[in-house]
Amino acid sequence: MYSRLSARALTSLLGGWRTSEPAYEALADAVRLLLLDNRIAPDTALPAERELAAALRLSRTTVSAAYRSLRESGHIESRRGSGSVTQPLGTPAAARTTVSDPGAIDLQQASPAAWPGLAGVMAEVAAGAATLIGRPGYDVVGAPALRQAIADRYTASGVPTDPAEVMVTNGAQSAIHLLASLLVRRGDRVLIESPTYPHAAEAFRQAGARLVGVPVTVDEGWDLDRAEQAFARVLPTAAYLMPDFQNPTARSMTRHERDVLADAAMRAHTTVIVDDTTAELDIDRPFRPGPFGGADTVRIGSLGKTVWGGMRLGWIRARADLIRRLTAARFAHELGTPEWEQALATALLPRMPEIVAQRAARLREGRDLAVAALGRLLPEWRVPEAHGGVSLWVELDAPLSGALVLAAREEGVLLSAGPRFSVDGGYERNLRLPFTGSTTELDRAIQALARVWPAVRTSAAPALMDRFDAVV
Ligand SMILES: Cc1ncc(COP(=O)(O)O)c(C=O)c1O
(Lines give C-alpha, C1' and ligand atoms only; values in the text may rest on other atoms or scores of the structure.)
Protein backbone atom coordinates (compact mmCIF):
# COMPACT_ATOMS: atom_id res chain seq x y z
CA MET A 1 0.00 0.00 0.00
CA TYR A 2 1.24 3.44 -0.90
CA SER A 3 0.08 6.75 0.44
CA ARG A 4 -1.51 8.86 -2.27
CA LEU A 5 -0.93 12.50 -2.97
CA SER A 6 -3.90 14.30 -4.47
CA ALA A 7 -3.47 16.71 -7.38
CA ARG A 8 -4.59 19.52 -5.07
CA ALA A 9 -2.06 18.67 -2.37
CA LEU A 10 0.77 18.39 -4.90
CA THR A 11 -0.22 21.70 -6.52
CA SER A 12 -0.08 23.40 -3.15
CA LEU A 13 3.32 21.82 -2.33
CA LEU A 14 4.70 22.86 -5.71
CA GLY A 15 3.97 26.56 -5.16
CA GLY A 16 5.69 28.74 -7.78
CA TRP A 17 7.41 25.83 -9.52
CA ARG A 18 7.69 27.35 -12.98
CA THR A 19 11.18 28.74 -12.68
CA SER A 20 12.84 27.59 -15.91
CA GLU A 21 12.16 26.34 -19.41
CA PRO A 22 11.09 23.87 -20.63
CA ALA A 23 8.07 23.66 -18.34
CA TYR A 24 8.15 19.85 -18.05
CA GLU A 25 11.74 19.93 -16.73
CA ALA A 26 10.89 22.73 -14.27
CA LEU A 27 7.97 20.63 -13.01
CA ALA A 28 10.17 17.53 -12.69
CA ASP A 29 12.81 19.56 -10.83
CA ALA A 30 10.22 20.96 -8.44
CA VAL A 31 9.09 17.40 -7.60
CA ARG A 32 12.76 16.37 -7.14
CA LEU A 33 13.21 19.20 -4.68
CA LEU A 34 10.14 18.14 -2.70
CA LEU A 35 11.57 14.62 -2.48
CA LEU A 36 14.92 15.96 -1.45
CA ASP A 37 13.36 17.99 1.34
CA ASN A 38 11.31 14.98 2.41
CA ARG A 39 8.17 16.97 1.83
CA ILE A 40 7.05 14.08 -0.34
CA ALA A 41 7.91 10.77 1.29
CA PRO A 42 9.25 7.77 -0.63
CA ASP A 43 6.57 5.27 -1.70
CA THR A 44 4.00 7.97 -2.35
CA ALA A 45 1.75 7.58 -5.39
CA LEU A 46 1.70 10.82 -7.36
CA PRO A 47 -1.59 11.98 -8.89
CA ALA A 48 -2.61 10.63 -12.28
CA GLU A 49 -1.21 12.69 -15.15
CA ARG A 50 -4.64 13.86 -16.27
CA GLU A 51 -5.61 15.08 -12.80
CA LEU A 52 -2.33 16.92 -12.27
CA ALA A 53 -2.54 18.51 -15.72
CA ALA A 54 -6.02 19.81 -14.87
CA ALA A 55 -4.97 21.10 -11.45
CA LEU A 56 -1.90 22.89 -12.84
CA ARG A 57 -3.71 24.02 -16.01
CA LEU A 58 -1.09 22.37 -18.18
CA SER A 59 -1.33 20.08 -21.16
CA ARG A 60 -1.27 16.37 -20.43
CA THR A 61 1.83 16.15 -22.66
CA THR A 62 3.77 18.45 -20.31
CA VAL A 63 2.89 16.41 -17.23
CA SER A 64 3.67 13.16 -19.09
CA ALA A 65 7.07 14.54 -20.08
CA ALA A 66 7.76 15.62 -16.47
CA TYR A 67 6.87 12.15 -15.17
CA ARG A 68 9.03 10.58 -17.89
CA SER A 69 11.96 12.74 -16.79
CA LEU A 70 11.37 11.71 -13.15
CA ARG A 71 11.26 8.05 -14.21
CA GLU A 72 14.50 8.42 -16.14
CA SER A 73 16.26 10.02 -13.20
CA GLY A 74 15.00 7.24 -10.91
CA HIS A 75 12.83 9.48 -8.75
CA ILE A 76 9.59 7.68 -9.60
CA GLU A 77 8.69 4.25 -10.81
CA SER A 78 5.55 3.11 -12.61
CA ARG A 79 3.72 0.43 -10.66
CA ARG A 80 0.76 -1.45 -12.00
CA GLY A 81 -2.39 -0.35 -10.23
CA SER A 82 -0.65 2.45 -8.31
CA GLY A 83 0.56 4.77 -11.05
CA SER A 84 3.76 6.70 -10.47
CA VAL A 85 5.34 5.96 -7.11
CA THR A 86 8.19 8.00 -5.62
CA GLN A 87 11.45 6.19 -4.90
CA PRO A 88 13.77 6.44 -1.90
CA LEU A 89 16.60 8.87 -2.62
CA GLY A 90 19.99 7.27 -2.82
CA THR A 91 18.99 4.69 -5.39
CA PRO A 92 21.73 4.85 -8.04
CA ALA A 93 19.48 6.43 -10.64
CA ALA A 94 18.41 9.22 -8.29
CA ALA A 95 22.03 10.29 -7.79
CA ARG A 96 21.45 13.60 -9.50
CA THR A 97 19.83 14.98 -6.37
CA THR A 98 21.72 12.96 -3.79
CA VAL A 99 25.28 14.14 -4.08
CA SER A 100 27.32 11.42 -2.39
CA ASP A 101 30.67 13.08 -3.06
CA PRO A 102 32.57 13.14 0.23
CA GLY A 103 33.82 16.61 -0.75
CA ALA A 104 30.25 17.94 -0.87
CA ILE A 105 29.45 20.82 1.46
CA ASP A 106 26.31 20.02 3.39
CA LEU A 107 24.50 23.17 4.52
CA GLN A 108 21.13 21.51 4.93
CA GLN A 109 21.66 21.23 8.66
CA ALA A 110 22.78 24.14 10.75
CA SER A 111 24.96 22.21 13.20
CA PRO A 112 28.08 23.75 14.69
CA ALA A 113 31.09 21.46 15.18
CA ALA A 114 31.51 20.03 18.67
CA TRP A 115 32.75 22.33 21.42
CA PRO A 116 36.52 21.66 21.42
CA GLY A 117 36.61 20.87 25.16
CA LEU A 118 34.06 18.07 24.81
CA ALA A 119 36.53 15.21 24.36
CA GLY A 120 38.29 16.25 27.59
CA VAL A 121 35.01 16.26 29.53
CA MET A 122 34.17 12.85 28.04
CA ALA A 123 37.49 11.52 29.33
CA GLU A 124 36.79 12.91 32.82
CA VAL A 125 33.32 11.37 32.90
CA ALA A 126 34.65 8.08 31.53
CA ALA A 127 36.77 7.79 34.68
CA GLY A 128 33.49 7.06 36.50
CA ALA A 129 32.28 4.59 33.85
CA ALA A 130 32.59 1.54 36.11
CA THR A 131 30.05 3.04 38.54
CA LEU A 132 27.83 4.23 35.69
CA ILE A 133 27.52 0.82 34.07
CA GLY A 134 26.57 -0.69 37.39
CA ARG A 135 23.32 1.28 37.11
CA PRO A 136 20.32 0.68 34.80
CA GLY A 137 21.83 3.10 32.30
CA TYR A 138 18.78 5.15 31.36
CA ASP A 139 15.80 6.81 32.98
CA VAL A 140 12.59 8.34 31.83
CA VAL A 141 12.57 11.72 33.54
CA GLY A 142 16.23 12.51 34.13
CA ALA A 143 18.94 12.17 36.79
CA PRO A 144 18.28 14.29 39.91
CA ALA A 145 21.64 16.12 39.67
CA LEU A 146 21.04 17.09 36.03
CA ARG A 147 17.44 18.18 36.64
CA GLN A 148 18.69 20.31 39.52
CA ALA A 149 21.42 21.89 37.35
CA ILE A 150 18.92 22.68 34.57
CA ALA A 151 16.42 24.10 37.09
CA ASP A 152 19.17 26.30 38.58
CA ARG A 153 20.03 27.75 35.18
CA TYR A 154 16.36 28.64 34.57
CA THR A 155 16.12 30.23 38.00
CA ALA A 156 19.24 32.29 37.31
CA SER A 157 17.78 33.44 33.97
CA GLY A 158 14.61 34.79 35.62
CA VAL A 159 12.34 31.71 35.47
CA PRO A 160 12.21 30.26 39.02
CA THR A 161 12.26 26.49 38.55
CA ASP A 162 12.10 23.41 40.74
CA PRO A 163 13.74 20.15 39.55
CA ALA A 164 10.24 18.58 39.51
CA GLU A 165 9.49 20.97 36.64
CA VAL A 166 12.23 19.52 34.43
CA MET A 167 12.33 16.43 32.23
CA VAL A 168 15.51 15.40 30.39
CA THR A 169 14.92 14.28 26.78
CA ASN A 170 16.86 12.85 23.85
CA GLY A 171 17.44 16.23 22.23
CA ALA A 172 14.95 19.01 21.62
CA GLN A 173 13.36 17.17 18.70
CA SER A 174 12.28 14.37 20.97
CA ALA A 175 10.86 16.98 23.36
CA ILE A 176 8.83 18.60 20.57
CA HIS A 177 7.53 15.23 19.42
CA LEU A 178 6.54 14.19 22.93
CA LEU A 179 4.75 17.48 23.61
CA ALA A 180 2.96 17.39 20.25
CA SER A 181 1.72 13.86 20.79
CA LEU A 182 0.50 14.59 24.32
CA LEU A 183 -1.04 18.03 23.84
CA VAL A 184 -2.45 17.92 20.30
CA ARG A 185 -5.44 15.95 19.07
CA ARG A 186 -6.41 15.42 15.44
CA GLY A 187 -7.88 18.60 14.00
CA ASP A 188 -6.56 20.90 16.76
CA ARG A 189 -5.06 24.19 15.66
CA VAL A 190 -1.44 24.94 16.43
CA LEU A 191 -0.07 28.43 15.91
CA ILE A 192 3.43 28.44 14.48
CA GLU A 193 5.82 31.01 13.04
CA SER A 194 6.33 31.09 9.30
CA PRO A 195 9.08 30.52 8.31
CA THR A 196 9.86 27.99 11.03
CA TYR A 197 12.01 25.03 11.98
CA PRO A 198 10.57 22.37 9.62
CA HIS A 199 10.90 19.33 11.87
CA ALA A 200 8.73 21.02 14.51
CA ALA A 201 6.04 21.70 11.90
CA GLU A 202 6.26 18.04 10.85
CA ALA A 203 5.91 16.82 14.45
CA PHE A 204 2.74 18.88 14.98
CA ARG A 205 1.31 17.83 11.62
CA GLN A 206 2.02 14.20 12.43
CA ALA A 207 0.06 14.61 15.66
CA GLY A 208 -2.89 15.71 13.50
CA ALA A 209 -2.61 19.48 14.03
CA ARG A 210 -3.81 22.05 11.57
CA LEU A 211 -1.10 24.67 11.48
CA VAL A 212 -1.86 28.37 11.59
CA GLY A 213 1.13 30.37 10.37
CA VAL A 214 2.10 33.74 11.77
CA PRO A 215 4.62 35.62 9.61
CA VAL A 216 8.04 36.59 10.94
CA THR A 217 10.21 38.79 8.76
CA VAL A 218 13.82 39.84 9.12
CA ASP A 219 12.82 43.50 8.96
CA GLU A 220 9.57 43.68 10.90
CA GLY A 221 9.78 40.71 13.25
CA TRP A 222 6.54 39.05 14.39
CA ASP A 223 3.28 40.13 12.74
CA LEU A 224 1.50 40.94 15.99
CA ASP A 225 -1.83 41.88 14.40
CA ARG A 226 -2.04 38.59 12.57
CA ALA A 227 -0.95 36.71 15.68
CA GLU A 228 -3.50 38.40 17.96
CA GLN A 229 -6.28 37.77 15.45
CA ALA A 230 -5.24 34.14 15.05
CA PHE A 231 -5.17 33.53 18.81
CA ALA A 232 -8.60 35.16 19.25
CA ARG A 233 -10.22 33.55 16.20
CA VAL A 234 -9.00 29.95 16.25
CA LEU A 235 -8.13 29.51 19.95
CA PRO A 236 -5.12 27.32 19.18
CA THR A 237 -4.44 24.39 21.49
CA ALA A 238 -0.74 25.15 21.36
CA ALA A 239 1.66 27.70 19.93
CA TYR A 240 5.26 26.88 19.01
CA LEU A 241 7.58 29.91 19.13
CA MET A 242 11.29 30.68 19.04
CA PRO A 243 11.64 34.09 20.73
CA ASP A 244 15.45 34.18 20.62
CA PHE A 245 17.40 33.84 17.35
CA GLN A 246 14.47 32.30 15.55
CA ASN A 247 15.42 29.55 13.12
CA PRO A 248 15.73 30.46 10.20
CA THR A 249 15.36 34.29 10.39
CA ALA A 250 17.73 34.82 13.39
CA ARG A 251 15.28 37.49 14.65
CA SER A 252 14.70 37.87 18.38
CA MET A 253 11.46 39.16 19.86
CA THR A 254 11.49 42.57 21.47
CA ARG A 255 10.09 42.86 25.01
CA HIS A 256 6.90 44.25 23.48
CA GLU A 257 6.52 41.31 21.07
CA ARG A 258 7.01 38.86 23.94
CA ASP A 259 4.37 40.56 26.07
CA VAL A 260 1.78 40.91 23.30
CA LEU A 261 2.13 37.28 22.20
CA ALA A 262 2.13 35.92 25.77
CA ASP A 263 -1.02 37.93 26.61
CA ALA A 264 -2.84 36.86 23.46
CA ALA A 265 -1.97 33.22 24.18
CA MET A 266 -3.17 33.52 27.78
CA ARG A 267 -6.51 34.99 26.69
CA ALA A 268 -6.97 32.10 24.22
CA HIS A 269 -5.94 29.48 26.85
CA THR A 270 -3.21 28.34 24.48
CA THR A 271 -0.23 26.38 25.78
CA VAL A 272 2.86 28.16 24.51
CA ILE A 273 5.87 26.00 23.74
CA VAL A 274 8.99 28.12 23.57
CA ASP A 275 11.91 26.46 21.79
CA ASP A 276 15.17 27.83 23.22
CA THR A 277 17.45 25.52 21.23
CA THR A 278 19.08 28.52 19.52
CA ALA A 279 18.59 31.02 22.38
CA GLU A 280 22.14 30.89 23.73
CA LEU A 281 23.78 31.44 20.34
CA ASP A 282 24.24 35.13 20.99
CA ILE A 283 27.00 36.77 18.94
CA ASP A 284 26.43 40.47 19.56
CA ARG A 285 22.82 41.18 20.48
CA PRO A 286 22.66 44.73 21.76
CA PHE A 287 19.91 44.08 24.33
CA ARG A 288 18.54 41.02 26.16
CA PRO A 289 14.80 41.31 26.57
CA GLY A 290 14.40 38.58 29.23
CA PRO A 291 12.30 35.42 29.17
CA PHE A 292 9.04 34.89 27.30
CA GLY A 293 5.86 34.35 29.33
CA GLY A 294 5.52 33.02 32.87
CA ALA A 295 5.32 29.81 34.86
CA ASP A 296 2.78 28.22 32.48
CA THR A 297 5.01 28.57 29.42
CA VAL A 298 6.49 25.25 28.33
CA ARG A 299 10.19 25.61 27.49
CA ILE A 300 12.44 23.35 25.47
CA GLY A 301 16.23 23.45 25.56
CA SER A 302 19.10 21.43 24.12
CA LEU A 303 22.86 21.04 24.17
CA GLY A 304 22.74 20.20 20.44
CA LYS A 305 23.83 23.61 19.16
CA THR A 306 25.92 24.78 22.09
CA VAL A 307 27.93 21.60 22.81
CA TRP A 308 27.41 18.99 20.10
CA GLY A 309 24.47 17.64 18.09
CA GLY A 310 25.83 14.13 18.66
CA MET A 311 25.00 14.21 22.36
CA ARG A 312 21.22 14.08 21.74
CA LEU A 313 20.47 15.78 25.02
CA GLY A 314 17.61 18.19 25.59
CA TRP A 315 14.97 18.99 28.17
CA ILE A 316 11.47 20.30 28.85
CA ARG A 317 10.68 22.84 31.55
CA ALA A 318 6.95 22.84 32.40
CA ARG A 319 4.63 22.76 35.40
CA ALA A 320 5.18 19.67 37.52
CA ASP A 321 1.75 18.18 36.64
CA LEU A 322 2.56 18.38 32.90
CA ILE A 323 5.98 16.80 33.53
CA ARG A 324 4.19 13.92 35.27
CA ARG A 325 1.82 13.46 32.31
CA LEU A 326 4.73 13.60 29.87
CA THR A 327 6.59 10.99 31.91
CA ALA A 328 3.62 8.62 31.79
CA ALA A 329 3.18 9.18 28.03
CA ARG A 330 6.86 8.82 27.19
CA PHE A 331 7.19 5.05 27.64
CA ALA A 332 5.31 4.41 24.43
CA HIS A 333 7.92 6.44 22.51
CA GLU A 334 11.13 5.47 24.29
CA LEU A 335 12.33 4.39 27.68
CA GLY A 336 14.39 7.41 28.57
CA THR A 337 17.71 9.18 28.14
CA PRO A 338 21.04 7.34 28.46
CA GLU A 339 22.80 8.02 31.76
CA TRP A 340 26.12 8.45 29.93
CA GLU A 341 24.79 11.51 28.08
CA GLN A 342 23.23 12.75 31.28
CA ALA A 343 26.50 12.41 33.21
CA LEU A 344 28.25 14.35 30.44
CA ALA A 345 25.59 17.06 30.51
CA THR A 346 25.88 17.37 34.29
CA ALA A 347 29.63 17.89 33.92
CA LEU A 348 29.13 20.37 31.06
CA LEU A 349 26.47 22.69 32.48
CA PRO A 350 28.81 24.46 34.97
CA ARG A 351 31.06 25.26 31.97
CA MET A 352 28.32 26.86 29.91
CA PRO A 353 29.70 30.42 30.16
CA GLU A 354 32.96 29.23 28.58
CA ILE A 355 31.13 27.07 26.01
CA VAL A 356 28.77 29.84 24.96
CA ALA A 357 31.66 32.30 24.59
CA GLN A 358 33.53 29.88 22.30
CA ARG A 359 30.36 29.37 20.29
CA ALA A 360 29.85 33.10 19.88
CA ALA A 361 33.41 33.50 18.56
CA ARG A 362 32.97 30.70 15.98
CA LEU A 363 29.55 31.91 14.89
CA ARG A 364 30.86 35.45 14.56
CA GLU A 365 33.56 34.24 12.13
CA GLY A 366 30.99 32.38 10.05
CA ARG A 367 28.46 35.17 10.01
CA ASP A 368 31.02 37.87 9.17
CA LEU A 369 32.51 35.80 6.38
CA ALA A 370 29.08 35.04 4.89
CA VAL A 371 27.94 38.66 5.05
CA ALA A 372 31.17 39.90 3.45
CA ALA A 373 31.27 37.22 0.72
CA LEU A 374 27.61 37.67 -0.20
CA GLY A 375 28.06 41.45 -0.33
CA ARG A 376 31.02 41.03 -2.64
CA LEU A 377 29.84 38.21 -4.91
CA LEU A 378 26.05 38.52 -4.86
CA PRO A 379 25.31 42.18 -4.15
CA GLU A 380 21.86 41.83 -5.70
CA TRP A 381 20.73 39.63 -2.77
CA ARG A 382 19.49 41.19 0.46
CA VAL A 383 21.40 39.96 3.46
CA PRO A 384 19.72 40.61 6.81
CA GLU A 385 21.38 41.54 10.08
CA ALA A 386 21.85 38.52 12.34
CA HIS A 387 23.04 39.07 15.90
CA GLY A 388 23.13 35.37 16.64
CA GLY A 389 21.48 32.05 15.80
CA VAL A 390 22.53 29.64 13.09
CA SER A 391 21.71 31.15 9.72
CA LEU A 392 21.09 34.09 7.44
CA TRP A 393 17.63 34.23 5.88
CA VAL A 394 18.80 35.72 2.60
CA GLU A 395 16.42 37.36 0.14
CA LEU A 396 17.17 36.61 -3.51
CA ASP A 397 16.38 39.09 -6.26
CA ALA A 398 14.10 36.54 -7.98
CA PRO A 399 11.79 33.77 -6.69
CA LEU A 400 14.17 30.98 -7.67
CA SER A 401 15.26 29.37 -4.44
CA GLY A 402 14.36 25.85 -5.62
CA ALA A 403 16.13 26.22 -8.96
CA LEU A 404 19.17 27.66 -7.17
CA VAL A 405 19.32 24.76 -4.71
CA LEU A 406 19.21 22.22 -7.54
CA ALA A 407 21.92 24.07 -9.47
CA ALA A 408 24.10 24.32 -6.34
CA ARG A 409 23.86 20.54 -5.85
CA GLU A 410 25.52 20.06 -9.21
CA GLU A 411 28.44 22.01 -7.70
CA GLY A 412 28.47 19.83 -4.58
CA VAL A 413 26.74 22.33 -2.27
CA LEU A 414 23.68 21.02 -0.46
CA LEU A 415 21.18 23.59 0.79
CA SER A 416 17.47 23.72 1.63
CA ALA A 417 15.27 26.03 -0.43
CA GLY A 418 13.08 28.69 1.21
CA PRO A 419 9.76 26.79 0.90
CA ARG A 420 11.17 24.05 3.14
CA PHE A 421 10.69 26.48 6.06
CA SER A 422 7.22 27.68 5.18
CA VAL A 423 4.04 26.57 6.87
CA ASP A 424 1.59 27.39 4.11
CA GLY A 425 3.66 27.87 0.95
CA GLY A 426 5.89 30.64 -0.29
CA TYR A 427 9.47 31.77 0.41
CA GLU A 428 10.70 31.00 -3.12
CA ARG A 429 12.61 34.26 -2.73
CA ASN A 430 14.47 33.10 0.36
CA LEU A 431 17.44 30.90 1.04
CA ARG A 432 18.58 29.78 4.47
CA LEU A 433 22.35 30.01 4.60
CA PRO A 434 23.69 28.43 7.80
CA PHE A 435 26.89 30.03 9.10
CA THR A 436 27.62 27.25 11.59
CA GLY A 437 30.21 25.35 9.50
CA SER A 438 33.85 26.03 8.73
CA THR A 439 34.63 29.39 7.12
CA THR A 440 36.59 27.67 4.32
CA GLU A 441 33.54 25.59 3.37
CA LEU A 442 31.22 28.53 3.70
CA ASP A 443 33.43 30.59 1.42
CA ARG A 444 33.52 27.79 -1.16
CA ALA A 445 29.75 27.41 -0.94
CA ILE A 446 29.10 31.11 -1.54
CA GLN A 447 31.51 31.10 -4.47
CA ALA A 448 29.56 28.17 -5.95
CA LEU A 449 26.27 30.03 -5.45
CA ALA A 450 27.71 33.07 -7.23
CA ARG A 451 28.87 30.84 -10.10
CA VAL A 452 25.48 29.23 -10.71
CA TRP A 453 23.17 32.19 -9.96
CA PRO A 454 23.52 34.00 -13.33
CA ALA A 455 22.60 30.83 -15.27
CA VAL A 456 19.68 30.06 -12.93
CA ARG A 457 18.41 33.56 -13.46
CA THR A 458 18.86 33.54 -17.23
CA SER A 459 17.19 30.18 -17.75
CA ALA A 460 14.30 31.37 -15.58
CA ALA A 461 13.74 34.66 -17.34
CA PRO A 462 11.20 33.47 -19.98
CA ALA A 463 9.35 31.33 -17.41
CA LEU A 464 9.12 34.23 -14.96
CA MET A 465 7.81 36.45 -17.75
CA ASP A 466 5.12 33.83 -18.50
CA ARG A 467 4.08 33.90 -14.87
CA PHE A 468 3.98 37.66 -14.97
CA ASP A 469 1.83 37.57 -18.14
CA ALA A 470 -0.51 35.08 -16.52
CA VAL A 471 -1.05 37.39 -13.57
CA VAL A 472 -1.65 40.44 -15.78
C1 LIG B 1 14.85 25.36 16.62
C2 LIG B 1 15.31 23.96 16.78
N3 LIG B 1 14.67 23.17 17.65
C4 LIG B 1 15.04 21.90 17.83
C5 LIG B 1 16.08 21.36 17.13
C6 LIG B 1 16.46 19.92 17.35
O7 LIG B 1 17.39 19.89 18.36
P8 LIG B 1 18.08 18.56 18.90
O9 LIG B 1 19.28 18.34 18.05
O10 LIG B 1 18.42 18.88 20.31
O11 LIG B 1 17.08 17.46 18.77
C12 LIG B 1 16.79 22.14 16.22
C13 LIG B 1 17.90 21.57 15.45
O14 LIG B 1 18.26 22.04 14.40
C15 LIG B 1 16.39 23.48 16.04
O16 LIG B 1 17.01 24.29 15.18
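Relevant structure appears above.
Rules used throughout
- Residues numbered from 1 in each chain as written.
- Predicted model: local features only at pLDDT ≥ 70, side-chain atom pairs only at ≥ 80, totals over all residues.
- Heavy atoms only, no water.
- Axes fitted to C-alpha atoms, helices over the stretch in contact; angles between N-to-C directions.
- Helix = DSSP H or I, 4+ residues; strand = E, 2+ residues; numbered from the N terminus.
- Parallel < 35°, antiparallel > 145°, perpendicular 65-115°, else oblique.
- Left-handed = near helix turned anticlockwise from the far one by under 90°.
- Contact = heavy atoms within 4.5 Å.
- Pairing = 2+ DSSP bridges.
- Buried < 20%, exposed > 50% of the residue type's maximum accessible area, 1.4 Å probe, protein only.

A. Examining the packing of helix 2 (residues 23-36) against helix 4 (residues 60-72) more closely. Contact geometry of helix 2 with helix 4 gives a least axis separation of 8 Å together with a crossing angle of 50 degrees. By the angle between their axes, helix 2 is oblique relative to helix 4. The element helix 2 and its partner helix 4 pack so that their crossing is right-handed. On helix 4, the residues touching A23, Y24, E25, L27, A28, V31 and R32 of helix 2 are T62, V63, A65, A66, S69 and L70.

B. Looking closely at the sheet that holds strand 8 (residues 189-194). Spatially, 7-14-13-12-11-8-9-10 is the arrangement adopted by the eight strands of the open sheet, whose pairing is mixed. In this open sheet, the two edge strands, each paired with only one partner strand, are strand 7 (166-169) and strand 10 (221-222). Where helix 7 (residues 144-156) meets the sheet, it contacts strand 7, strand 13 (298-302) and strand 14 (314-317), and its direction lies at approximately 115 degrees from that of strand 7. Along the sheet, helix 12 (residues 320-330) contacts strand 7, strand 13 and strand 14; its crossing angle with strand 7, the most-contacted strand, is approximately 30 degrees.

C. Focus on helix 15 (residues 401-410). The buried count for helix 15 comes to nine of ten residues, which makes it a mostly enclosed element. Just beyond helix 15, the residue with positive phi is G412, at close to 80 degrees.

D. Examining unusual backbone geometry more closely. The omega torsion across S194 and P195 is 5 degrees, close enough to zero to call that bond cis. On the secondary structure map, P195 appears in the loop between strand 8 and helix 9 (198-206). In this structure, P248 follows N247 across a cis peptide bond, with omega equal to 20 degrees. One can find P248 in the loop between strand 11 (238-241) and helix 11 (255-267). The residue D43 is not glycine, and still its phi comes out positive at about 65 degrees.

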